[in-house]
Each structure stands twice: as structure tokens, then as C-alpha cells.
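As a plain string of letters, each chain reads:
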Amino acid sequence: MQTKHHRLDRFISKKKQIKRKDIRLILAQKRIIVNGKIAVDSQQIIGPFCSVSLDGEQLQQLQAFYLMLHKPVGYISATHDDKQQTIFELINQHDYPNLHMVGRLDLNTSGLILLTNDGKWSRAICSPKAGIKKHYLVGLENKLTTDYIDAFANGMFFGYENKTTQPALLEIIDDKLAQVSLSEGMYHQIKRMFGRFRNPVISLHRYRVGPINLCPELAPGQYRELTMKELQDLQYYIDDI
């Protein structure tokens, strides 16, 4: 998948083996169409999802895809694996080629995963500057107490990363059920945080990423494209990144 940006004259020169000095004449003859409009500037930036044609020949017409997947337990977040089922086995990759994950979920974690072929978008979503929170429903082996709330809010030091976790919001739903919201994704973070209380996590489900809720109509293993409203809501977080 092409992910780089190029000047129009360099793009045409590479695609058609035309000398860059000759591109100006081609532009003057109005033979290049970019995103449905006649191109006039040789220095126009061509991104990976720009539509570009020369003399009616389509040189690039890649479509950006943005999906939500309801990941089932038992699938790993990987493109391929020799032993485990991967989430990409759930996707019709003929209709949605070159997808990658926006974040990961563990083998035994279910819930919302975003997928796209737009690298710039996924990097912005995952950037710490975006501050996008992930929301989880956590089932536990032992009963919860209010001590958990302060501990999660104050952060916990993890020696392996030599880092203290950012404040996380924990809400007790029931004796052994909690909602946790955090804006980072350290290795097995939620399980390790509850591990400080010697309280094993027996179920973990991500139901929301930023403003995007997992669609309740999606059964485990199903997916759909994000709506325009969902994309606009996410764009609010990444406009300045």
C-alpha cells in the first residue's frame, strides 16, 4: 500500500516515466485530473488516497476504509499466525484490502477494534497527544473495594517499563464487575493493575474508543464501516495532531 505523499510532477514522472520538465506542458494542456478537477500546479501534493488520471488513464484511485470490528475471545490481534486464529480471518480482505489495526486486544479480550488502510489516521488516533480514552468492562474473580478507585486514579508504577501509569477511572458496577477508562495501552495494563490487588481478571471487554461505541447490533466476529458521524467525532480529537 502506498502511504507516502509526493509532488504531482514527481508522481506523474515516476508512474509514466515522463521527464519532470515535460509535466508543465501536460498541465497546460489540461490532461491531468486530480480528485475530479483539472490539475494546474506541478507542486500539488498527492496523498495515498488522491484520485489521479492522465489522458483518461487512472494512475491512482485508492479508497480509504475505516471499520469497527467486534473482536471475539480466542482471536489474536495480528495479520497472520501459524497457530492462532487472527482477527483478519474475520474480514473480507477482497473488499477491504491492506487493512491494519488501530491498537490491539489480547487473545482473551473481546470488543471494539478499529481497522483502516489509512496510516496517517491510525497514527493520529494512537498518538498520546490525542488523549483518546479506551473504555473496558472488567469481570473479576474477587470482590472489589473502594481502595481500587484511588489506586487507579493515582497511577501505578511498573518497573518493567520504568513508568507510572496515567490516572485511570474505575467505576464499581457490582461486587466483581467494574468499568475502567484509560488513555494509554501498556502491556496487559488492566490485568497488571488488578494484579496489584491479587485479583485475577476473568473477562475483559472493550466497549468504547473515544467517542465511538461498539455497535450493539454487531455480534462477535462481525464488522461494519464507521459512519460519517463517527469519523467526524473522532476527527475532533486529531485535528491538531
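Residues numbered from 1 in each chain as written. Predicted model: local features only at pLDDT ≥ 70, side-chain atom pairs only at ≥ 80, totals over all residues. Heavy atoms only, no water.

**Thoughts on the overall build of the protein chain**
For clarity, the threshold we go by: Going along the chain from the N terminus, every DSSP run of H or I of four or more residues is numbered as a helix, and every run of E of two or more is numbered as a strand. For a compact globule the rule gives 2.2 Å times the number of residues to the power 0.38, and the radius of gyration it is set against comes from C-alpha atoms. Each residue gets one of three labels from its accessible area relative to the maximum for its type: buried under 20%, exposed over 50%, partly exposed in between, using a 1.4 Å probe on protein chains only. The criterion used for residue contact is that any of the two residues' heavy atoms lie within 4.5 Å. To be clear on the numbers: accessible area is Shrake-Rupley with a 1.4 Å probe, and residue cover counts the displayed protein chains and nothing else. Residues scored as charged are limited to Lys and Arg (positive) and Asp and Glu (negative), so that His and the chain ends carry no count. Charge coordinates come from a single atom per side chain, which is NZ of Lys, CZ of Arg, CG of Asp or CD of Glu.
Regarding its fold elements, the protein chain presents 6 helices and 19 strands. By the compact-globule yardstick of 18 Å for 241 residues, the protein chain is too spread out, its C-alpha radius of gyration being 23 Å. By its C-alpha atoms, the protein chain is 75 × 35 × 35 Å across when sized along the principal axes. Going through the 241 residues of the protein chain one by one, you find that 44% of them count as buried. Sequence separation of at least 24 residues holds for 63% of the intrachain contacts in the protein chain that already meet a minimum separation of 6. Accessible area for the protein chain stands at about 14000 Å²; split by element, carbon and sulfur atoms hold 48% of it. Of the charged side chains in the protein chain, 32 are positive and 25 negative; the average position of the first set lies 9 Å away from that of the second.

**Some thoughts on the nonpolar core**
What counts, and what does not: Within this scheme, the nonpolar core is defined by two criteria: the residues are buried Ala, Val, Leu, Ile, Met, Phe, Trp, Tyr or Cys, and they are joined through side-chain atoms within 4.5 Å.
Leu115, Val138, Phe152 and Phe194 are the most contacted members of the largest nonpolar core, which totals 34 residues. Contributions of two or more residues to this core are made by β7 (66-71), β11 (109-116), β12 (134-140), α4 (147-154), β16 (177-182), α5 (189-195) and β17 (201-209). Those residues within four positions of leucine 115 in sequence are excluded, and the remaining contacts are Phe65, Tyr66, Leu67, Leu69, Ile87, Phe88, Leu99, His100, Met101 and Val102. Ranked by size, the runner-up nonpolar core spans 19 residues in total, among them Val102, Ile125, Cys215 and Ile238.

**Looking at the environment of isoleucine 190**
When you line up the elements, isoleucine 190 lands in helix α5. In the structure, isoleucine 190 is positioned 14 residues away from leucine 204 in sequence and 8.8 Å away in space, judged by C-alpha atoms. Beyond its immediate chain neighbours, meaning those up to four positions away, isoleucine 190 contacts Tyr136, Val138, Val180, Leu182 and Leu204.

**Looking at unusual backbone geometry**
Unlike most non-glycine residues, lysine 30 shows phi in positive territory, near 60 degrees. On the basis of relative accessible area, lysine 30 is assigned to the exposed category, the value being 57%.

**Considerations on helix α3 (residues 119-126)**
Every α-helical turn comprises 3.6 residues, leaving residues that sit three or four positions apart pointing alike. Put simply, the test is: Pairs of N or O atoms are called polar contacts if they sit within 3.5 Å, as long as, within protein, a hydrogen donor faces a hydrogen acceptor (for residues adjacent in sequence, only side-chain-to-side-chain pairs).
For α3, the set of buried residues is Gly119, Trp121, Ser122, Ala124 and Ile125. Where α3 is buried, its residues meet β7, β10 (100-102), β11 and α6 (228-238). With a side-chain oxygen positioned 3.3 Å from the backbone nitrogen of lysine 120, the residue opening α3 is aspartate 118.

**Examining the packing of aromatic side chains**
To be explicit about the condition: Geometry of aromatic contacts follows a simple scheme: Phe, Tyr and Trp rings, the Trp one being its six-membered ring, pair when their centres are within 6.5 Å, and the pair is stacked under 30 degrees between planes, edge-to-face over 60, tilted otherwise. In this scheme, Lys NZ or Arg CZ marks a charge over a ring once it lies within 6 Å of the ring centre and within 35 degrees of the ring normal.
For the structure shown, the criterion picks out 7 aromatic pairs. Measuring from centroid to centroid gives 5.9 Å for tyrosine 148 and phenylalanine 194, while their planes differ by 40 degrees, and the two rings are tilted. Taken together, the positions of tyrosine 148 in helix α4 and phenylalanine 194 in helix α5 put the pair 46 residues apart, joining distant regions of the chain. Given a relative accessible area of 0%, phenylalanine 194 falls into the buried group. Ring geometry for tyrosine 236 against tyrosine 237: centres 5.7 Å apart, planes inclined by 90 degrees, an arrangement best described as edge-to-face. Relative accessible area serves as the criterion here: at 30%, tyrosine 237 is assigned to the partly exposed category. Taken together, the ring pairs connect Tyr148, Phe152, Phe194 and Phe197 into an aromatic cluster. When the ring centre of phenylalanine 158 is taken as reference, the NZ or CZ atom of arginine 192 above it lies at 4.1 Å.

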